[in-house]
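Listed below, chain by chain, are the residues.
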Amino acid sequence: MKQDTIIILDYGSQYTRLISRRLREMNIFCDLVSPDIDRAFFDDRNIKGFILSGGPNSVFDVEAPKLPEWVLDTKLPILGICYGMQLIAERFYGSVEKSDKREYGNAELIILNENPLFSNVPKNNKVWMSHGDKVIELPKKFNVIAKTSNSFCAAFNYENIWGVQFHPEVDNTDYGVNILSNFSRKICNVNNNWNAQNFINNTIATIKDTVGKSNVICGISGGVDSSIAATLIHMAIGKQLTSIFVDNGLLRKNEPENVMSFLKKDLGLNVVKIDAKQRFIKKLKGITDPEQKRKIIGKEFIKVFELEARKLKNVKYLAQGTLYSDVVESAVTKSGHTSVIKSHHNVGGLPEKMNLELLEPLRMLFKDEVRKIGKEMKINNQILDRHPFPGPGLAIRIMGEVTEEKLTILREADEIFINEIKKANLYNKIWQAFAVLTNIQSVGVMGDNRTYENCIALRAVNSNDAMTADWSNISKDTLSTISSRIINEVSGVNRIVYDITSKPPSTIEWE
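Here is a short report on the structure shown in this document. (Residues numbered from 1 in each chain as written. Predicted model: local features only at pLDDT ≥ 70, side-chain atom pairs only at ≥ 80, totals over all residues. Heavy atoms only, no water.)

Remarks on the overall build of the chain
Looking only at helices and strands, the chain features 14 helices and 18 strands. The C-alpha radius of gyration of the chain comes to 25 Å, within 12% of the 24 Å expected for a compact globule of 511 residues. Projected onto the principal axes, the alpha-carbon positions of the chain cover approximately 75 × 65 × 40 Å. Counting all 511 residues of the chain, 58% fall into the buried class. Residue pairs in contact within the chain that sit at least 24 positions apart in sequence constitute 75% of those at least 6 positions apart. Surface accessibility of the chain: about 22700 Å² in total, with carbon and sulfur atoms responsible for 47%. Of the charged side chains in the chain, 66 are positive and 61 negative; the average position of the first set lies 4 Å away from that of the second. (Helix = DSSP H or I, 4+ residues; strand = E, 2+ residues; numbered from the N terminus. Rg over C-alpha atoms; globule rule 2.2 N^0.38 Å. Buried < 20%, exposed > 50% of the residue type's maximum accessible area, 1.4 Å probe, protein only. Contact = heavy atoms within 4.5 Å. Areas by Shrake-Rupley, 256 points an atom, 1.4 Å probe, with all protein chains shown as cover. Lys, Arg positive; Asp, Glu negative; His and termini not counted. Charge placed at Lys NZ, Arg CZ, Asp CG, Glu CD.)

Structural notes on the nonpolar core
Judged by nonpolar contacts, the single largest core of 126 residues is most densely connected at Ile51, Phe118 and Ile421. Residues in contact with isoleucine 421, not counting those within four places in the same chain, are His387, Leu426, Tyr427, Ile430, Ala433, Ile474 and Ile482. Formed by 29 residues, the second largest nonpolar core is a distinct cluster that contains Leu9, Tyr83, Phe142 and Ile161. (Core = buried A, V, L, I, M, F, W, Y, C linked by side-chain atoms within 4.5 Å.)

What to know about the sheet that holds strand E11 (residues 241–247)
Pairing is parallel in the open sheet, where 5 strands are placed in the order E12-E11-E10-E13-E14. The open sheet has two edge strands with one neighbour each: strand E12 (271–275) and strand E14 (357–359). Ignoring strand direction, the axes of neighbouring strands in this sheet form an average angle of 30 degrees. Sheet topology note: the strand E10 (residues 215–219)/strand E13 (residues 315–319) ladder contains 4 bridges and is parallel. Its bridge partner lying in E13, asparagine 215 is registered against valine 315. Contacts between helix H6 (residues 224–237) and the sheet are confined to E10, E11, E13 and E14, with E11 contributing the most and set at about 160 degrees to the helix. (Pairing = 2+ DSSP bridges. Axes fitted to C-alpha atoms, helices over the stretch in contact; angles between N-to-C directions.)

Topic: unusual backbone geometry
With an omega of -15 degrees, the peptide bond running from lysine 503 to proline 504 counts as cis. Topologically, proline 504 is positioned in the segment after strand E18 (493–498). Of note, cysteine 82 is a non-glycine position whose phi angle comes to about 55 degrees, a positive value. Summarising the element assignment, cysteine 82 is placed in the loop between strand E4 (78–81) and helix H3 (83–91).

Examining the pattern of salt bridges
For the structure on display, the rule yields 27 salt bridges. Linking arginine 91 and glutamate 69 is a salt bridge whose minimum nitrogen-to-oxygen distance equals 2.7 Å. Here glutamate 69 lies in helix H2 (residues 69–73) and arginine 91 lies in helix H3, a separation of 22 residues in the sequence. According to the relative accessible area criterion, arginine 91 is partly exposed, its value standing at 26%. Residue arginine 279 is joined to glutamate 300 by a salt bridge in which the shortest nitrogen-to-oxygen separation is 2.6 Å. Here arginine 279, found in helix H8 (residues 277–283), pairs with glutamate 300, found in helix H9 (residues 290–311); they are 21 residues apart in sequence, far enough to count as distant. Residue arginine 279 is classed as partly exposed on the basis of its relative accessible area of 31%. Among the ionic contacts, a cluster of salt bridges with common partners joins Arg21, Arg22, Glu25, Asp171 and Asp368. (Salt bridge = Lys/Arg side-chain N within 4 Å of Asp/Glu carboxyl O.)

Quick word on the pairing of strand E8 (residues 151–158)
Within E8, 6 of the 8 residues are buried, which leaves the element mostly enclosed by the surrounding structure. Here 4 bridges tie strand E7 (residues 143–148) to E8, and the two strands are oriented antiparallel to one another. Note that in E8 the partner of valine 144 across the bridge is phenylalanine 156. Taken together, E7 and the strand that follows it, E8, pair antiparallel across an intervening segment of 2 residues. Here 4 bridges tie E8 to strand E9 (residues 161–164), and the two strands are oriented antiparallel to one another. Residue pairing across strands places phenylalanine 156 opposite glycine 163, the latter belonging to E9. Counting the residues between successive antiparallel strands, the hairpin from E8 to E9 contains 2 residues, one of them, glutamate 159, with a positive phi of roughly 50 degrees.

Let's talk about the packing of H6 against helix H11 (residues 367–376)
Look at H6 against H11: their axes get within 10 Å of each other, and the N-to-C directions meet at 45 degrees. For the element pair H6 / H11, the angle class is oblique. Crossing hand, H6 versus H11: left-handed. Along its contact with H6, which presents Val224, Asp225 and Ile228, the element H11 presents Lys367, Val370, Arg371, Ile373 and Gly374. Broken down by class, the residue content of the contact of H6 with H11 amounts to 4 nonpolar, 1 polar and 3 charged. (Parallel < 35°, antiparallel > 145°, perpendicular 65-115°, else oblique. Left-handed = near helix turned anticlockwise from the far one by under 90°. Nonpolar A, V, L, I, M, F, W, Y, C, P; charged D, E, K, R; others polar.)

Here's the deal with the pairing of E10
Counting buried residues along E10, 4 of its 5 residues qualify, which places the element largely inside the surrounding structure. The pairing of E10 with E11 spans 4 bridges and is parallel. Within the sheet, the bridge partner assigned to cysteine 218 lies in E11 and is serine 243. For the segment spanning E10, H6 and E11, crossover handedness is right-handed. (Right-handed = clockwise from strand over helix to strand, strands pointing away.)

Quick word on the packing of aromatic side chains
How two aromatic rings sit relative to each other is set out by the distance from centre to centre and by the angle between their planes. In this structure the tally under the stated criterion is 10 aromatic pairs. Ring centres of phenylalanine 142 and phenylalanine 156 lie 5.0 Å apart, and the angle between their planes is 75 degrees; this geometry places the pair in the edge-to-face category. Of the two residues, phenylalanine 142 is situated in the loop between strand E6 (124–137) and E7 and phenylalanine 156 in strand E8; the sequence distance between them amounts to 14 residues. Phenylalanine 156 gets classed as buried once you look at its relative accessible area, which sits at 0%. (Phe/Tyr/Trp six-rings, centres within 6.5 Å; stacked < 30°, edge-to-face > 60°.)

Structural notes on the environment of phenylalanine 92
In this structure, phenylalanine 92 sits in the loop between H3 and strand E5 (95–111). Taking the C-alpha atoms as reference, phenylalanine 92 lies 8.8 Å from leucine 138; in sequence the two are 46 residues apart. When sequence neighbours within four positions are dropped, the list of residues in contact with phenylalanine 92 reads Leu72, Pro139, Lys140, Phe142 and Ile161.

Observations regarding the state of the cysteines
For the coordinates displayed, the defined rule picks out 0 disulfides. In this model cysteine 153 remains outside any disulfide bridge; the closest cysteine sulfur is found in cysteine 82, 12 Å from its own. In this model cysteine 188 remains outside any disulfide bridge; the closest cysteine sulfur is found in cysteine 30, 12 Å from its own. Note on cysteine 188: relative accessible area 4%, which makes it buried. (Disulfide = S-S within 2.5 Å.)

And the structure:
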């Protein structure tokens, strides 16, 4: 991708993803990668600079991740943040030690010298600290450019290398966006032309060049991501694309019929529907572990796609609507510096060996960026405004083993929940809402009889990109109506709970 790019090396900080968010918000393209990634990965990139993230390690730990030498060999600008700054200090023979006074929270930054990194930043300003180690001796030729009351060196610079001990990516740093902008635009000279129309034009050209005269099949679910991915590919190669909708038996009520209708009518795609319900249900029999469910479903999807590809001529590529959040959460890296949160069926759940090459035009986008692309492409709002639905479907909204009986219960409860929030004019104000069939049964009383039945959990969240989320404050009256309807209309349920946890610490889905 010959797009001006800032490479972020991820050393495991809880704030790392915010760096990429801040840059993308400034229309600056960036890529978040493991520090031990192969240099060859970047051969076709127009790299303009590097940011080294924070992380939980100490630079003097034996197994602590290091600064790759090839990054220094590029002679491109480098900005180290927290652990990244300490890595730079250690690499150039400065000294880093554990501090006897841990610095966490807000601190006053005092800028000592004029520097392009601090252009248009007040001399005294508030920053956010989160570290237990600190630089106690500067490498030779490095200059201190800012300090705090607790540290003689809160920022340093030598030639094209900068380091800051604080976190400019968090909201608690007053001028953090200015600092990241200064590094990217003024120091790295990045063109901030990362916008929807440029992405569409570049992606269509790239798809044409990549695919050539080969044919492509696209796994399509009817969700925003796969629908836009398929539409982009269709714009690039037309009849060379065949979209495949797999009814895996794990979909919501009436989903197959509704999806097939708008995929053909609104998007004009050539869509083949595959009935694989029994195949997936059989494979999931007796499986309770959520990671195992995801991997089984991912592998079965690939098998179905490969079977269909054999019916067509010259199929070389399998296209998917994989997003950046899927890649980050599945932690597809060679190192263990970023922990796997959950394997996504279309990333970490894929088999190691496949007969088709992957084509993932949205792989570098966050969810809100995908919706912007869709609006630029004039995709129907009915599709763009659909709540996200996970690829593994209801399998990960049923805790424990997936059975036909449980699927029926969950479908009915979920439909009531969605219908009621639509009636309350909340659907477009909520980012994602769904019901979960927990693996908890509890005692209840219906009429004069004792019951021992299932508990349904309701989950509704607001988010921009699925990386963070907060629970939606649905009114008591609406929740009361939803609860009453599910209890009265769905056989096998006697208790409803509402999930009020944010992400983090929870994930959006329960499994």
